[in-house]
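Each chain, written out:
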Amino acid sequence: MTEKTFKTLADFLGTHFIYTYANGWEYEWYAKNDHTVDYRIHGGMVAGRWVTDQAADIVMLTAGVYKISWTEPTGTDVALDFMPNEKKLHGTIFFPKWVEEHPEITVTYQNEHITLMEESREKYETYPKLVVPEFANITYMGAAGQNNEDVISEAPYANMPDDIRNGKYFDENYHRINK
Ligand SMILES: C=Cc1ccc(O)cc1
């Protein structure tokens, strides 16, 4: 776990996080570069889903406070406010009705199923949306560096967050062990 103090946008970019929302949902998220995010979902309504190279808007609101916003091929919208110095964030997820009704369609490596997501968002209902606004506690922070393809590179498995937190998943150069 890095214990650095976050001051600038450069301090944030390249950081890898694991956190648990107040509703119990566990997420892993990586600020890949100044316009791209990767993530993996370990617990909650769409546990098992993982995504790489999602385009996002990433800004610093004030020293050490970061806001990230994006819209997904599923039609899901996300806004995250990270306060890494406090080991906290606030996230709001805006799920279209169809994701709430058919979460299993989205539980996959999305990058290989973009057409299915686009077809599903047309086929099923969008409204009313399910809004999930929650604070989260950050349980892991790693200085992965930008554009590190090893950070989010395989499907989530049961003990993956513990392996990462216990230093069993990445080597000293932040490359995946046992790849
Ligand atoms: C739907 C994606 C998503 C990714 C990270 C997060 O904290 C919330 C939602």
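What you see is a predicted model, and the numbers here were worked out from it, not measured in a lab.

Thresholds applied
- In this convention, every chain numbers its residues from 1, walking through the sequence in written order.
- Residues qualify for local features only when their pLDDT is at least 70, as the model is predicted, and side-chain atom pairs are given and counted only at 80 or more; totals for whole chains, interfaces and linings, by contrast, use all residues.
- Values reported for side chains reflect all heavy atoms of the structure, with hydrogen atoms and water molecules removed beforehand.
- Secondary structure follows DSSP: runs of H or I at least 4 residues long count as helices, runs of E at least 2 residues long count as strands, and numbering of each begins at the N terminus.
- All radius of gyration figures rest on C-alpha atoms, and the globule criterion is 2.2 Å times the number of residues raised to 0.38.
- Each residue is placed in one exposure class: buried if its accessible area under a 1.4 Å probe, protein chains only, is under 20% of its type's maximum, exposed if it is over 50%, and partly exposed if it falls in between.
- Here, residues are in contact when the closest pair of their heavy atoms is within 4.5 Å.
- Each accessible area is a Shrake-Rupley estimate made with a 1.4 Å probe; only the visible protein chains count as cover when residues are assessed.
- The charged-residue count follows a simple rule in which Lys and Arg add positive charge and Asp and Glu add negative charge, with His and chain termini not counted at all.
- Taken as the charge centre is NZ of Lys, CZ of Arg, CG of Asp or CD of Glu, depending on the residue.
- A molecule or strand has a residue near it when one of that residue's heavy atoms lies within 4 Å.
- Polar contact is defined as a pair of N or O atoms within 3.5 Å, subject to the rule that within protein one atom must be able to donate a hydrogen and the other to accept it, and that residues adjacent in sequence are counted only when both atoms are side-chain atoms.
- Three categories are distinguished: nonpolar for Ala, Val, Leu, Ile, Met, Phe, Trp, Tyr, Cys and Pro, charged for Asp, Glu, Lys and Arg, and polar for the others, with Gly belonging to the last.
- At least two DSSP bridges between two strands are required for those strands to pair.
- Inter-axis angles, ranging from 0 to 180 degrees, are taken between N-to-C directions of lines fitted to C-alpha atoms, where helices are fitted over the stretch in contact.

*Asks:* Sorry if this is basic, but what is going on with the overall build of the protein here?
*Replies:* Within the protein one finds five helices and nine strands. When the helices and strands of the protein are placed in sequence order, the string is α-β-β-β-β-β-β-β-β-α-α-α-β-α. Taken over the C-alpha trace, the protein has a radius of gyration of 16 Å; the compact-globule value for 179 residues is 16 Å, and the two agree within 12%. C-alpha atoms of the protein, sized along the principal axes, occupy 45 × 40 × 25 Å. The buried share of the protein, taken over its 179 residues, is 49%. For the protein, the proportion of contacts with a sequence separation of at least 24, taken over those separated by at least 6, is 56%. When the accessible surface of the protein is totalled, it reaches about 8300 Å², and 50% of it is carbon and sulfur. Put simply, the protein has 16 plus and 28 minus side-chain charges, and the middle of one group is 3 Å from the middle of the other.

*Asks:* Hey, could you run me through the site of the ligand in this one?
*Replies:* Contacts to the ligand come from Tyr-19, Tyr-21, Tyr-27, Trp-29, Tyr-39, Trp-70, Glu-72, Val-78, Leu-80 and Ile-93. Interatomic distance of 2.5 Å between a side-chain N/O atom of Tyr-21 and an oxygen atom of the ligand. With the chains in place, 99% of the 270 Å² that the ligand exposes on its own is no longer accessible. When contributions to the shell around the ligand are tallied by element, the ones reaching two or more residues are β1 (15-21), β2 (26-33) and β7 (77-83). A class-by-class count of the residues in the shell around the ligand yields nine nonpolar, no polar and one charged.

*Asks:* Could you clarify how one ought to interpret the environment of Met-83 in this entry?
*Replies:* Take Met-83: it is sitting in strand β7. Residue classification places Met-83 among the partly exposed residues on the basis of a relative accessible area of 22%. Spatially, the C-alpha atoms of Met-83 and Tyr-66 are 6.8 Å apart, while their sequence positions differ by 17 residues.

*Asks:* For this particular structure, what's the right way to read the sheet that holds strand β8 (residues 88-95)?
*Replies:* Note on sheets: strands pair through backbone hydrogen bonds, and any given pair is parallel or antiparallel. Sheet architecture is open: nine strands sit in the order β4-β3-β2-β1-β9-β8-β7-β6-β5, paired in antiparallel fashion. Looking at strand neighbours, the two that pair on one side only are β4 (50-55) and β5 (57-62), the edges of this open sheet. Going across the sheet, the axis of each strand differs from the next one's by a mean of 25°, ignoring polarity. Where strand β3 (residues 36-41) and β4 come together, four bridges link them in antiparallel fashion. Looking at β4, one finds that Thr-36 is bridged to Ala-55.

*Asks:* Is there a simple way to explain unusual backbone geometry in this structure?
*Replies:* The general pattern is negative phi for most residues beyond glycine and trans for most peptide bonds. With an omega dihedral of -5°, the bond running from Tyr-127 to Pro-128 counts as a cis peptide bond. Even without being glycine, Lys-87 reaches a positive phi, approximately 55°. Within the secondary structure, Lys-87 is located in the loop between β7 and β8. Phi is positive for Tyr-174, close to 60°, though the residue is something other than glycine. Within the secondary structure layout, Tyr-174 lies in the segment after α5 (160-165).

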